[in-house]
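Structure assessment
Single-letter residue listing:
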Amino acid sequence: MKRIRFDLSLLFVFGFSMFFSTVCSDLVISRLDRRIDLTSLLVRTTVSLKVENNGVDAVSEILLPFPEHQARNLAFLSAMISEGKDKTKGSSGSLPVEVANPKGKPPSLTWTVHIICPLIQSKSSHLSFKLPEPRVESYTKLENTKFSGTELKYGPYENLPPFSYTPIVVHYVSNKPFAVAQELVREIEISHWGNVQITENYNLVHAGAEITGEFSRLDYQARPNVRGASAFRNLVAKLPPRAHSIYYRDEIGNISTSNVWSDSAKTLLEIEPRYPMFGGWSWRFTIGYGLPLKDFLFQSEGKRFLNISFGCPMSDVVIENLIVKIVLPEGSKEISVSVPFPVKQSQETKFSHLDMVGRPVIVLEKKNVVPEHNQYFQVYYRFRNLSLLREPLMLIFGFFLFFVACIVYMHADFTISKSSPSYLAKLQWDEVQTAIQQFQNIMNRCLAVHDKLEASLRELSRTGDVQACKAARKAADSLLKELSKELKPLFSFLQSSPQAVQIMPKLEELVSKERELQEKLMLKHSTVVDSYEKKSGGRDIENRVAAVQQKITLLRQEVDDIVEVIDEI
């Protein structure tokens, strides 16, 4: 008769139960001990089996069935053969595990296969629960049940038939925080200039019981151990020993509530959120740090390989979805990955400064990641040393072209020849612009004279001084004649210039309207002065100049519109 003892270590995100079946009538589980640890947000189960082979044939595998709803939440499973007894008990190493669905077994069960020896009929079974506190609201009471301190024990139970089970419900108290990262994106960027840069983006939630009512910071600060018993106020990340350039920030900016301790074996980073985390609350933040390249990058058989840990550096955090991105240097080829457990793998490209074809990025994705997954994995690739010179040469060449361009610019003559058609056309256009500005100035002075004439009529109506009004009229006539003489050569020049063809019709229209306005103003002025000399009444004077005044108002509006159009042109 041959006896084999082996241990199973299982991690469930939410709960545990286990079934066993008879695969060979000569195999017997002489003892089965299960220990379920409920002291954290992970359900850690250790199953110790003592197997006896009463037959003569050798066996090489064992089948462990799990209900489908538990198999979906199974995060980690390992098996190993144990040697020795009690304090001298040790392990001979882990055993391979794979998934199988044997025929003739219940379809509602998912079977996991270990390559050792098959499972069997149970002979003696024990079950124990380790609780976080010595307080239980309720639990299923069966034969041989004992509750003491923080441990709840069931058994032993003898000669259990295959697939037999009894549901057990344990209602216990736990105020420990449930830190769950709904998504963690780890980017590991390799630089052959001596650094491995790691950036970790967390989307963290407190997955425990949600807080009821409103949150009062005053009450919380007064009694943090009571009001915040289930909240977590900090997290500790265990980083490699020579981590440097550590930062911790969120969407708002840098967070100063962090501490770092380091020694030759590790670097500890303690971070605090901006607010205490209660059940149902979420928190997004980023951690970044650099690592020496020589501690993680090695060479073997002509290839380079990165050897670095896979999971989260925080042992108190469970990750629902972990994405690890390994950014390799531009020009890396023949890429392969070795991970000690199944992951979803893909590849993409990332562009950074001075990249031409982009950097290859290996993307590894896994769900339900627990601290036991924080194992080392390897990324193999080929990279030519000459590729290191690509970016420095690009910088040197870029600066060289820049300085050459500066030298050419300083010594080149970009002035336009004075005999070239473009230069002559520019001169002509400048002359036209100058003439138009002078033309506009003269027209503005003419309009100002018109305003003075109107002002003299208003002064006449106020004082009745006819002589002063006639003197103003005489001065206006003289000034308008001088302005007309100044305008004539400018108008002739613009008429003869091909550059002024577009604007010339408006200039001609403006001159015509101004002269018509000038005539109407003179007519109004003469009529008003004559009426005052004849001692006519105010109502009579208004009736005599009403038609002329209406025409003057219309002409003034037309003149203003033409001036605006000329300004736009």
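Residues numbered from 1 in each chain as written. Predicted model: local features only at pLDDT ≥ 70, side-chain atom pairs only at ≥ 80, totals over all residues. Heavy atoms only, no water.

1. Topic: the overall build of the protein
- When helices and strands are tallied, the protein shows eight helices and 28 strands.
- Classification of the 569 residues of the protein by burial places 38% in the buried group.
- Long-range contacts, defined here as pairs at least 24 residues apart, represent 74% of the contacts in the protein between residues at least 6 apart.
- By element, 52% of the accessible surface of the protein is carried by carbon and sulfur atoms, the whole surface being about 32200 Å². (Helix = DSSP H or I, 4+ residues; strand = E, 2+ residues; numbered from the N terminus. Buried < 20%, exposed > 50% of the residue type's maximum accessible area, 1.4 Å probe, protein only. Contact = heavy atoms within 4.5 Å. Areas by Shrake-Rupley, 256 points an atom, 1.4 Å probe, with all protein chains shown as cover.)

2. A closer look at empty space enclosed by the protein
- Applying the stated criterion across every chain, the model contains two cavities of 30 Å³ or more.
- As a volume, the largest cavity reaches approximately 40 Å³.
- G311, C312, M314, V317, I319, V369, V370, P371 and N374 are the residues that line the largest cavity.
- Residue classes in the lining of the largest cavity are distributed as seven nonpolar, two polar and no charged.
- In this structure, the second largest cavity spans a volume of roughly 30 Å³.
- The wall of the second largest cavity is formed by Q440, M443, N444, L510, V563 and I566.
- Within the residue set of the lining of the second largest cavity, elements represented by two or more residues are α5 (421–463) and α8 (538–568).
- The element that contributes the greatest number of residues to the lining of the second largest cavity is α5, accounting for three residues.
- Class assignment for the residues of the lining of the second largest cavity results in four nonpolar, two polar and no charged. (1 Å grid on protein atoms, 1.4 Å probe; cavity = no way out; pocket = protein on both sides within 12 Å on 5 of 7 lines; lining within 4 Å. Points joined across faces, edges and corners; volume = space filled by probe spheres on them. Nonpolar A, V, L, I, M, F, W, Y, C, P; charged D, E, K, R; others polar.)

3. Concerning the UniProt feature "transmembrane region" (unreviewed entry) in the protein
- The sites that UniProt annotates as "transmembrane region" (unreviewed entry) are residues 393–412.
- Between the end C-alpha atoms of residues 393–412 there is a gap of 28 Å, over a span that is 95% helix and 0% strand. (UniProt positions renumbered as here; feature names shortened; annotations may be inferred.)

4. Structural notes on the sheet that holds strand β25 (residues 333–338)
- Across the sheet, which stays open at both edges, the four strands sit in the order β22-β23-β28-β25 with antiparallel pairing between neighbours. The open sheet terminates on both sides in strands that have one partner only, identified here as β22 (297–300) and β25. Taken pair by pair, the neighbouring strands of this sheet meet at an average axis angle of 25°, ignoring direction.
- Judged from the six bridges that link them, strand β23 (residues 303–309) and strand β28 (residues 376–382) form a sheet pairing that is antiparallel. Bridging from a neighbouring strand, F305 pairs with Y380 of β28. (Pairing = 2+ DSSP bridges. Axes fitted to C-alpha atoms, helices over the stretch in contact; angles between N-to-C directions.)

5. Regarding helix α6 (residues 466–496)
- The end-to-end C-alpha separation of α6 is 45 Å, in line with the 45 Å expected for 31 residues at 1.5 Å each.
- At L487, α6 shows its largest kink, close to 25°, and the proline P489 lies no more than four residues downstream.
- Within α6 the residues assigned to the buried category are V466, C469, A476, L480, L483, L487, L490, F491 and L494.
- Where α6 begins, the capping side chain belongs to D465, and its oxygen is found 3.4 Å from the backbone nitrogen of Q467. (Expected span 1.5 Å × (residues − 1). Bend = angle between axes of the 7 residues up to and from the residue. Polar contact = N/O pair within 3.5 Å; in protein donor to acceptor, adjacent residues only side chain to side chain.)

6. What to know about unusual backbone geometry
- With an omega of 10°, the peptide bond running from G155 to P156 counts as cis.
- In this fold, P156 is placed in strand β13 (residues 151–158).
- Phi at S245 takes a positive value of approximately 50°, unusual for a residue other than glycine.
- Position of S245 among the secondary structure elements: in strand β18 (residues 244–249).
- You will see that N368, though not glycine, has its phi angle at about 55°, which is positive.
- Its location among the elements puts N368 in strand β27 (residues 359–369).

7. Here's the deal with the environment of F232
- Looking at the secondary structure, you find F232 in the loop between α3 (224–227) and β17 (235–239).
- Linking F232 and P273, residues 41 residues apart in sequence, is a C-alpha distance of 9.0 Å.

8. Considering the nonpolar core
- Counting 46 residues, the largest nonpolar core has M314 and I326 as the members making the most contacts within it.
- In this view, I326 contacts I188, I190, L306, P360, V361, I362, L364, F377 and V379; residues no more than four positions away in its chain are not counted.
- Among the nonpolar cores identified, the runner-up in size contains 32 residues, and M443, L510, L517 and I566 belong to it. (Core = buried A, V, L, I, M, F, W, Y, C linked by side-chain atoms within 4.5 Å.)

9. Description of helix α7 (residues 504–533)
- Taking 1.5 Å per residue as the helical rise, α7 with its 30 residues ought to reach 44 Å, and the 44 Å between its terminal C-alpha atoms agrees with that figure.
- Following α7 by one or two positions, K535 has its phi on the positive side, about 65°.

10. Overview of the layout of surface pockets
- Its volume calculated, the second largest pocket comes out at about 680 Å³.
- Listed by contribution, the elements that provide at least two residues to the lining of the second largest pocket are β5 (74–83), β7 (97–100), β8 (109–114) and β27.
- Here the element with the most residues in the lining of the second largest pocket is β5; it accounts for seven residues.
- Classifying every residue of the lining of the second largest pocket gives 14 nonpolar, seven polar and three charged.

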